[in-house]
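# Fold and contact review
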Amino acid sequence: MEITKHFFLSLSIIIILLFFCFLFFEKNKNSPYSKSSMTLFFIILLWGCIQFAYHPLPFARYDLRIIPLVIGGLYIGIGPILTAAVILIRSLYGIDIGFYQCCLLLIPYGYTVWRLYPWFWKQPPLRRTGVSVLTCFILGLLTIIGMRINETESSFFDMIIAYLVIPSLGIGIITYSIEFFMRNAEMRQQLIKAEKLKAVEQMGAAISHEIRNPLTAASGFVQLLQDDYLPRQKRREYLAIVKEELISAEKVIQDYLTFAKPSFDEFEEINVKNELRQTINILIPLAKQYSVEIVTDFSIIGYIKGDKQKFRQCFVNILKNAIEAMPSGGYLTIITEFSQNDVTITVKDTGEGMTPEQLARLGEPFYSTKGKNGTGLGMMVVFSIIRAMNGDIQVQSEIGTGTTIQVIFPTIIPYIHSQKNRQS
Ligand code: ADP
Ligand code: MG
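The text that follows walks through the structure, step by step, so that each part is easy to find. (Residues numbered from 1 in each chain as written. Chains lettered and ligands numbered in written order. Predicted model: local features only at pLDDT ≥ 70, side-chain atom pairs only at ≥ 80, totals over all residues. Heavy atoms only, no water.)

Here we take up the site of ligand 1. Taken together, 18 residues surround ligand 1, and among them Asn321, Ser368, Thr369, Lys370 and Thr375 come closest. Separating an oxygen atom of ligand 1 from a side-chain N or O atom of Asn321 is a distance of 2.8 Å. One of the backbone nitrogen or oxygen atoms of Gly378 is found 3.3 Å away from an oxygen atom of ligand 1. A total of 530 Å² of accessible area belongs to ligand 1 in isolation, and the protein chains cover 94% of it. Contributing elements (two or more residues each) for the shell around ligand 1: α10 (308-324) and α12 (378-388). For the shell around ligand 1, the per-class residue count stands at 7 nonpolar, 9 polar and 2 charged. (Near = heavy atom within 4 Å. Polar contact = N/O pair within 3.5 Å; in protein donor to acceptor, adjacent residues only side chain to side chain. Areas by Shrake-Rupley, 256 points an atom, 1.4 Å probe, with all protein chains shown as cover. Helix = DSSP H or I, 4+ residues; strand = E, 2+ residues; numbered from the N terminus. Nonpolar A, V, L, I, M, F, W, Y, C, P; charged D, E, K, R; others polar.)

Quick look at the structure:
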């Protein structure tokens with residue numbers, strides 16, 4: 001029974017380490033070093049498995065190296081590297097018959113798993129779990145056969161526990177968790193996309209209304225220009241008006257496109273003031289529709305780091321909610337403050353406000369009080385974007401008085417400024 005205890009403990013440690021590893025990978029998946037750091041992590045894990053093997057008798061060593069080998073090989077595609085690492089580590093423990101057996105088993109394994117990797121990712125999640133467990137099982141079975149040929153004194157029970165039961169169970173748990181993790185992340189992404197589409201659609205309607213005004217004006221003047229007897233001076237005046245109206249229509253379209261453009265998850269410098277101005281421009285038509293007056297008070301400087309598109313999307317959602325909370329008009333105040341460490345953006349409305357229960361549910365997916373006009377996803381997206389940008393959000397609200405949302409982001413010194421400082 002000693003082996004079961006030892007292996008369950010090792011398995012728990014492996015699961016915990018892998019959990020943190022995937023958490024880290026999820027956060028840094030866009031970094032070019034993420035794959036190499038994963039590889040390094042798996043090599044260390046392999047070394048740990050071999051080093052802290054269970055060896056009841058001097059000639060018998062049992063370990064869980066199969067787990068990192070299968071997970072790393074199938075999910076990350078680093079089978080050959082891990083195989084080479086195991087062979088190298090194993091050689092440090094002596095070049096004996098066990099070492100040759102290890103080579104004989106792992107070299108074909110490394111190659112097969114490497115070829116299998118593209119196919120593996122095309123499979124549905126449940127089958128991926130099945131394939132992983134099966135791979136682990138076959139590898140375990142071949143190891144046992146190898147060991148039996150090598151020596152017959154080891155306990156058969158120990159072998160079954162060490163190479164079949166626990167690794168298969170472990171791989172099952174781990175791959176199921178990985179798939180669960182990935183499905184969650186994918187769903188979150190889809191929700192964000194759906195919310196954005198909905199917002200694009202709603203704002204498209206409001207904006208098309210805004211474009212129609214200048215176009216109607218322009219076409220009216222074009223009609224006047226058709227008069228052959230129009231004095232030259234008047235003609236010039238009308239043409240200037242037409243041009244102005246067309247430019248203003250184009251500007252509305254431009255603003256809208258900036259919002260609708262797909263985002264690329266980039267981390268760039270954000271000039272808070274400029275981005276907020278652009279976001280507000282997009283929402284002016286909606287504000288007009290609700291008779292909401294927008295008041296701004298921006299600090300001169302304030303740079304943060306993040307994705308510009310997402311930043312805009314976040315504030316479009318916050319401002320849109322604030323406007324929608326004032327169906328019979330009101331004031332929407334946007335203030336930015338800058339300190340040594342933070343940039344604070346305060347959005348205040350004089351709308352309907354929320355009850356403590358509503359406030360507690362804010363950000364919950366699909367929680368909306370707007371019936372079919374709401375998706376209940378806006379604030380969820382807001383929270384997730386702010387979290388991704390290492391920010392913080394605080395909401396205060398009182399029924400009948402209004403809502404104040406404060407978003408705090410860590411500030412950065414912009415690149416251009418620091419360059420200038422360095423040069424001077
Ligand atoms: P949606 O706007 O589609 O309803 P959100 O996630 O953006 O979904 O908002 C969820 C709910 O939170 C809204 O339905 C509304 O009841 C409430 N809410 C959000 N912002 C405000 C605000 N500024 N004032 C009052 N209620 C708000
Ligand atoms: Mg909303």
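Alright, that's what it looks like, and here's the rest.
Turning next to a nonpolar patch on the surface. Where nonpolar side chains cluster on the molecular surface, the patch consists of Leu134, Phe137, Ile138, Leu141, Leu142, Ile145 and Ile149 and spans about 660 Å² of accessible area. For Ile145, the location among the structural elements is in helix α6 (residues 125-150). A residue is classified by how much of its surface remains accessible, and Ile145, at 44% relative accessible area, is partly exposed. (Patch = residues over 30% accessible without salt bridge, like charges linked within 9 Å, V, L, I, M, F, W, Y side chains within 5 Å. Salt bridge = Lys/Arg side-chain N within 4 Å of Asp/Glu carboxyl O. Buried < 20%, exposed > 50% of the residue type's maximum accessible area, 1.4 Å probe, protein only.)

This part covers the pattern of salt bridges. Inspection of the entire model under this criterion finds 7 salt bridges. The residue Lys234 makes a salt bridge to Glu237 at a minimum N-O spacing of 3.9 Å. Pair noted here: Lys234 and Glu237 are both in helix α8 (residues 232-260), with a separation of 3 residues, about one helical turn. For Lys234, a relative accessible area of 35% corresponds to the partly exposed category. Exposure remark for Glu237: the relative accessible area of 37% places this residue in the partly exposed category. Two residues, Glu324 and Lys370, come together in a salt bridge whose shortest N-O distance is 2.7 Å. Pair noted here: Glu324 is in helix α10 and Lys370 is in the loop between α11 (356-361) and α12, with a separation of 46 residues, a long-range link. Of the residues examined, Glu324 reaches a relative accessible area of 17% and is grouped as buried.

The backbone of Ser291 shows a phi angle near 55°, a positive value even though the residue is not glycine. Residue placement: Ser291 occurs in the loop between α9 (272-289) and β4 (292-297). Although it is not a glycine, Asn390 adopts a positive phi angle of roughly 60°.

Further remarks concern the sheet that holds strand β7 (residues 342-349). What the 5 strands build is an open sheet, ordered β4-β6-β7-β9-β8; its pairing is mixed. Of all the strands in the sheet, the pair left with one neighbour each is β4 and β8 (392-398). The sheet shows a mean angle of 10° between the axes of neighbouring strands, direction not considered. Note: strand β6 (residues 330-338) against β7, 7 bridges, orientation antiparallel. Each bridged residue has a counterpart across the sheet, and for Ile335 the counterpart in β7 is Thr346. (Pairing = 2+ DSSP bridges. Axes fitted to C-alpha atoms, helices over the stretch in contact; angles between N-to-C directions.)

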